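Listed here are the chains, written in short residue letters.
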Amino acid sequence: MKNILLILGSPRDRASYSHQIGRRIVDDLKSRYPSAKVVVRNLAKEALPDVDDAFVTGRMLAPDKRRAAEAKALVLSDVLVAELMAADVIVLASPMHNFGVSAPVKKWIDQIARPGVTFSYSDKGPMGLVQGKKTVLVLARGGVYSEGPMMPYDFQEPYLRTVLGLIGMTDVEVVRIEGVAMGDEALRSAVTSAKAQADAVVRVIASGASVPVLAEAA
Ligand SMILES: Cc1cc2nc3c(=O)[nH]c(=O)nc-3n(C[C@H](O)[C@H](O)[C@H](O)COP(=O)(O)O)c2cc1C
């Protein structure tokens, strides 16, 4: 393993459960692969720009056809795409905000889901160009969505699987930190379970296998 990319999507940084578990996974991977380079994108600390007119127009044009403002609007996006393409493992730490991903995570996706760059269209439909990656989604939620009555309201995990799948990132492991707003006991149990899930995911990655991780590994 040469490159690990950690995307941090919570405004709470050190207090964030998704960041804490995401960092645990990356630290564990780094201890197993000491020569691996770790790139961290802390999206709350370095806010990404909104999608604007120049970005929307420029992303549909070949680089030599872009006007100056359009070329400028795509500079950071090209850097983010290059980070993604270089990574062997991507750990995406994402809080649930209003049933979906946080705004910083959405902005990152807008920057890296690029026609002709990270996915292409063909007569068979879209094809992902970000191939051969291992992706770990670390999802923190106040409630419980993996089972029970709130399941239909989870627009975080299905959204991430769909949009990352579009660009080719289909080898996905999920670590859920659920029920953190449901009282002290639920919080303790959620964190204990998430740590066990995280450790299991690292073992899966280290073994080179792709098998489901038990949600109740605690
Ligand atoms: C703006 C906002 C919206 C939230 N929306 C939801 C929600 O729709 N469902 C839920 O279960 N928890 C919701 N929460 C709770 C967070 O998912 C929870 O605090 C989680 O731990 C956030 O992830 P983090 O610890 O990585 O920051 C929301 C929190 C905030 C700040």
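On a predicted model such as this, the values are computed, not experimentally measured, just so you know.

**Q** Outline the site of the ligand, supporting the account with residue identities and numerical values.
**A** Close to the ligand lie 16 residues; S10, R12, S16, S18 and M96 are nearest. In the model, an oxygen atom of the ligand is placed 2.8 Å from a nitrogen or oxygen of the G143 main chain. In this structure, a nitrogen atom belonging to the ligand sits 2.8 Å away from a side-chain N or O atom of Y145. For the ligand, whose unbound accessible area comes to 630 Å², protein coverage reaches 72%. At the level of secondary structure, the elements contributing two or more residues to the shell around the ligand comprise α1 (17-32) and β3 (89-97). Considering each element in turn, the shell around the ligand owes the most residues, three residues, to β3.

**Q** How would you sum up the environment of V101? Please name residues and give values.
**A** With respect to the element layout, V101 can be found in strand β4 (residues 100-101). For V101, a relative accessible area of 13% translates into the label buried. A C-alpha to C-alpha distance of 23 Å links V101 and A82, two positions 19 residues apart in sequence. Among all residues touching V101, those that are not within four sequence positions of it are S94, P95, K106, Q156, Y159 and L160.

**Q** Account for the pairing of strand β2 (residues 37-42), with residues named and values stated.
**A** Here strand β1 (residues 3-8) runs beside β2; their pairing, made up of six bridges, is parallel. Each residue of the ladder has a partner; that of N3, found in β2, is K37. Tracing the backbone out of β1, into α1 and back to the parallel element β2 gives a crossover that is right-handed.

**Q** Give me the lowdown on the pairing of strand β6 (residues 125-128), citing residues and values where you can.
**A** Relative to β6, strand β5 (residues 119-122) is paired through four bridges, and the arrangement is antiparallel. Across the sheet, residue S120 finds its bridge partner in β6, namely M127. The turn joining β5 and β6, which pair antiparallel and follow one another in sequence, is formed by two residues.

**Q** Could you give me a rundown of the nonpolar core, with the residues and numbers involved?
**A** Grouped together as the largest cluster of nonpolar side chains are 27 residues, with contacts concentrated most on L84, L92, W108, L137, L160, L164 and I167. With four residues, helix α5 (residues 103-112) is the single largest residue contributor to this core. When sequence neighbours within four positions are dropped, the list of residues in contact with L164 reads L92, W108, T135, L137 and M169. Formed by 23 residues, the second largest nonpolar core is a distinct cluster that contains V26, V89, A198 and V201.

**Q** Describe the environment of I90, with residues and values.
**A** By the secondary structure assignment, I90 is in strand β3. On the accessibility criterion, I90 (1% relative accessible area) is buried. Each C-alpha atom of the pair I90 and N3 lies 8.8 Å from the other, and the pair is 87 residues apart in sequence. Ignoring sequence-local partners within four residues, the contact set of I90 consists of L5, I7, L84, K133, K134, T135, V136 and M169.

What counts and how
Residues numbered from 1 in each chain as written. Predicted model: local features only at pLDDT ≥ 70, side-chain atom pairs only at ≥ 80, totals over all residues. Heavy atoms only, no water. Near = heavy atom within 4 Å. Polar contact = N/O pair within 3.5 Å; in protein donor to acceptor, adjacent residues only side chain to side chain. Areas by Shrake-Rupley, 256 points an atom, 1.4 Å probe, with all protein chains shown as cover. Helix = DSSP H or I, 4+ residues; strand = E, 2+ residues; numbered from the N terminus. Buried < 20%, exposed > 50% of the residue type's maximum accessible area, 1.4 Å probe, protein only. Contact = heavy atoms within 4.5 Å. Pairing = 2+ DSSP bridges. Right-handed = clockwise from strand over helix to strand, strands pointing away. Core = buried A, V, L, I, M, F, W, Y, C linked by side-chain atoms within 4.5 Å.

Shape is all these values report; function is a separate question.
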